[in-house]
Protein chains: 2
Amino acid sequence: MEEESVRGLWTEARELIDSVSADSGGVERLESPPSPLQFIRDYVSPNKPVIISSAATRHWPAISRSLWSDDAYLRRALSGCSVSVHLTPDGRADALVPSPSKSGLCFASAFVQSMDFSEAMQLIEATGEESSPVVAYAQQQDDCLRGEYEALAGDVDAHIPWATEALGCLPEAVNLWIGNARSHTSYHKDHYENIYAVITGEKHFLLLPPTEVHRLYVRNYPAAHYISSSKDNGGEVKLELELEEPEKMVPWCSVDPYPASDEIIAEQSSSFPLYYNGPKPFQCTVRAGEILYLPSMWFHHVTQSPDDNGRTIAVNYWYDMQFDMKYAYYSFLQSINLYRLSSVASTQGEDKNDIKQNCSNSNPD
Amino acid sequence: MEEESVRGLWTEARELIDSVSADSGGVERLESPPSPLQFIRDYVSPNKPVIISSAATRHWPAISRSLWSDDAYLRRALSGCSVSVHLTPDGRADALVPSPSKSGLCFASAFVQSMDFSEAMQLIEATGEESSPVVAYAQQQDDCLRGEYEALAGDVDAHIPWATEALGCLPEAVNLWIGNARSHTSYHKDHYENIYAVITGEKHFLLLPPTEVHRLYVRNYPAAHYISSSKDNGGEVKLELELEEPEKMVPWCSVDPYPASDEIIAEQSSSFPLYYNGPKPFQCTVRAGEILYLPSMWFHHVTQSPDDNGRTIAVNYWYDMQFDMKYAYYSFLQSINLYRLSSVASTQGEDKNDIKQNCSNSNPD
């Protein structure tokens, strides 16, 4: 009965969100930026994603003058600057991987290394090769465009005018992301309204509305992080996974939408039937110059395709979300245990006071 | 467990809605009309009521020139016009009353009589006396300000500019209400964004957010309507209640927030514990010239205090609501049966296709 009601909710919410054809992956596209009023009325209030064409960013020097596709420009602008690079063995940071010492999975955070920007650029390019034992991703979800990357901040808008006016505030954080094809981001949600602009390359999103929270089997996993066990002269990093001490549990989405082998496919689909037997996620590609409005509380999984330099560069603007009736309904929905028959299942509520902190260290659940 | 979760939802939604002190009944007040953007962002999107001071209507001739407090003006303007008057024995139309032929309650609709406006005015005044066996209420929720009362339409704004711009459409209906102190409206909700302007007298609202739907015990009642069994020479109407044939069931809120006797209080509080043991409804008075934004899907109960002429006159503007994620969540919540222990309980879902029709005949559930 409960599962039936919840499935009814999925269907009804999708009917109300999904005004465009399934061919487009269900995400609407606009040829030009919305007015502030349109933005809040047609997208923020109904909590509905939309992609805005590159008309929205064509005045950004990063794009119009191709500055961020230009290696020499980037290296010159950030010459002498240190940046934070996230290192993992396979491009999966903040993701579930086999636990190093127990059976089962753990939630693995990247090894974060500060290095000269030109070294970071070289490492991102080099570690895009499948043979590389590490993958580098320059990112730091701490307002880094206005921090470590301040020298580049003038190449894009400091904020998104129509979003700022609509939401009545400036962005809480503006983050820069420079990665290669191997980095991807596992399903999670953020407690922010997210304006996601791709500058070079492409980003591929899978999106699930908050109404479908049960389909992702949010469960508690022990936290772990990669450490660098040695650094060879050649600059190569060797990573090892270490569980947090004392133990710390992190609630995280269990579903991997791109299982790597037939064995994992079979395992995933039997463990997570609500995901695999439910409606397809919304799916979209955001190209260079385009902007995705990714509504607060939507689950998203992100992969990327590089530009000719082997890199994908993006900037995202996080605006404070409104904790309103939708949020109260979401918390209520999440509190319903649909997994009673499954012995391993557990969901966990969230404390509003912890949310901001959790978000900023990319650990929003 | 379910009741606990639902009570958690009530509390959380209230914390997020209720930004103002409990002393004010929980409804925010604005000194001047919001901008369209503010209106949608701070009230429509979060589904939050607000009262706007009389600054919002001071350019309306109905108010600034006191036209609608002036009997002679009204009679002259509508001279020769017929209007629809709703007649009941006690001021309770679209309300639950004892069934005429079965045990239990039925849902009673008024006897609607078309009469000359000056006759209607006299009847509204005269039937305000407690001794009168009928109560007259001139109202017709069919866009009547632009219909029967067209002659008065120029005395108020044809639409509410900040709401029209915010919502991106003109009002679907503009309704006029002329009643006395004895008429009141039982708890119900409308599938519209409602801009409710009081012109003379006062309206007193009890408001419950849609998250609290279970507290009103929406159950099916047989529909009935008053008929006029005789009309004396003196113009006095005698009303009798008749069940619809064939039987028609109407889902309606069971709770009477102002029980008339100790016996009814005891009966109500034992039958409807979620209402009587839950948080107080939001409560507000809207005075002449003030506007209440009554968000879509909020349950409301309305009583009124008359002006010096014994009348309360109001105009409400119904704008189409957005059927969005909040609506999907509401339908889901409503589908949860909290009353399993009660043998008489039944709730009923609603068909979106029927909603508009149901609303316009004031039978929104």
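This one's a predicted model, so the numbers in the text were calculated from it and none came from an experiment.

How each quantity is defined
Residues numbered from 1 in each chain as written. Chains lettered and ligands numbered in written order. Predicted model: local features only at pLDDT ≥ 70, side-chain atom pairs only at ≥ 80, totals over all residues. Heavy atoms only, no water. Helix = DSSP H or I, 4+ residues; strand = E, 2+ residues; numbered from the N terminus. Contact = heavy atoms within 4.5 Å. Buried area = accessible area lost by both parts, 1.4 Å probe. Salt bridge = Lys/Arg side-chain N within 4 Å of Asp/Glu carboxyl O. Polar contact = N/O pair within 3.5 Å; in protein donor to acceptor, adjacent residues only side chain to side chain. Nonpolar A, V, L, I, M, F, W, Y, C, P; charged D, E, K, R; others polar. Pairing = 2+ DSSP bridges. Axes fitted to C-alpha atoms, helices over the stretch in contact; angles between N-to-C directions. Buried < 20%, exposed > 50% of the residue type's maximum accessible area, 1.4 Å probe, protein only. pLDDT = per-residue confidence, 0-100.

What follows covers unusual backbone geometry. A cis geometry characterises the amide bond from E245 of chain A onward to P246 of chain A, with omega recorded as -5°. The topology assignment puts P246 of chain A in the loop between β14 (237-243) and β15 (249-253). One non-glycine residue with positive phi stands out, namely S66 of chain B, at about 50°. Structurally, the position occupied by S66 of chain B is in the loop between α3 (61-64) and α4 (71-77). One non-glycine residue with positive phi stands out, namely D143 of chain B, at about 70°.

Here we come to the interface of chain B and chain A. Taken together, the 42 residues of chain B in the interface contact 42 residues of chain A. Interface area for chain B against chain A, summed over the two sides, is near 3,400 Å², with a carbon-plus-sulfur share of 66%. It is M325, Y329 and F332 of chain B that lose the most area in chain B upon contact with chain A, and together they represent 23% of the buried surface on that side. The interface formed by chain B and chain A contains 0 salt bridges. Counting the contacts that link chain B with chain A gives 9 residue pairs in polar contact (both at pLDDT 80 or more). Broken down by secondary-structure element, the contributors of at least two residues to the side of chain B that touches chain A are α1 (2-17), α2 (36-44), α6 (161-167) and α9 (325-335) of chain B. In terms of residues, the side of chain B that touches chain A owes the most to one element, α9 of chain B, which gives 10 residues. Here the residues of the side of chain B that touches chain A are counted per class, giving 24 nonpolar, 8 polar and 10 charged.

Residues and elements named next belong to chain B. Strand order in the open sheet formed by 9 strands is β1-β2-β17-β11-β19-β9-β8-β3-β7, and the pairing between neighbours is mixed. Each of the sheet's edge strands pairs with one partner strand only, and the pair in question is β1 (28-30) and β7 (111-116). Put simply, the sheet's adjacent strands are angled 25° from each other on average, direction ignored. Looking at chain direction, strand β11 (residues 192-200) and strand β19 (residues 312-320) are connected through 8 bridges and run antiparallel. Along β19, the bridge assignment pairs T200 with I313. Where α2 meets the sheet, its contacts fall on β1, β2 (50-52), β11 and β17 (291-294), and the angle it forms with β17 comes to roughly 55°. The sheet strands contacting helix α5 (residues 117-126) are β3 (82-88), β7, β8 (135-139) and β9 (173-179), and the helix crosses β7 at an angle near 125°.

Looking now at the pairing of β19 of chain B. Residues and elements named next belong to chain B. Counting buried residues in β19 gives 8 out of 9 residues, a clear majority hidden from the surface. The sheet contact formed by β9 and β19 spans 7 bridges and is antiparallel. Counted as the bridge partner of L176 is V315 from β19.

A low pLDDT means the predicted coordinates there should not be read in detail. Across chain A, the average pLDDT comes to 90, with 89% of residues at or above 70. Ignoring residues within four places in sequence, the model shows residues 341-365 of chain A, a span with pLDDT below 50, making 53 contacts including any to other chains.

Where charged atoms of side chains with opposite charge meet at close range, the side chains can pair. On inspection of all chains with the given rule, the structure shows 28 salt bridges over all chains. The salt bridge involving E3 of chain A is made with R7 of chain A; its shortest N-O contact spans 3.1 Å. With E3 of chain A and R7 of chain A both in helix α1 (residues 2-17) and 4 residues apart, this pair spans about one turn of that helix. Given a relative accessible area of 35%, E3 of chain A falls into the partly exposed group. Among the residues examined, R7 of chain A registers a relative accessible area of 27% and is labelled partly exposed. K326 of chain B serves as the salt-bridge partner of D324 of chain B, at 3.5 Å between the closest nitrogen and oxygen. Classification of K326 of chain B by relative accessible area gives buried; the value is 10%. One connected set of salt bridges, linked through shared partners, spans R14, E212 and R215 of chain A.

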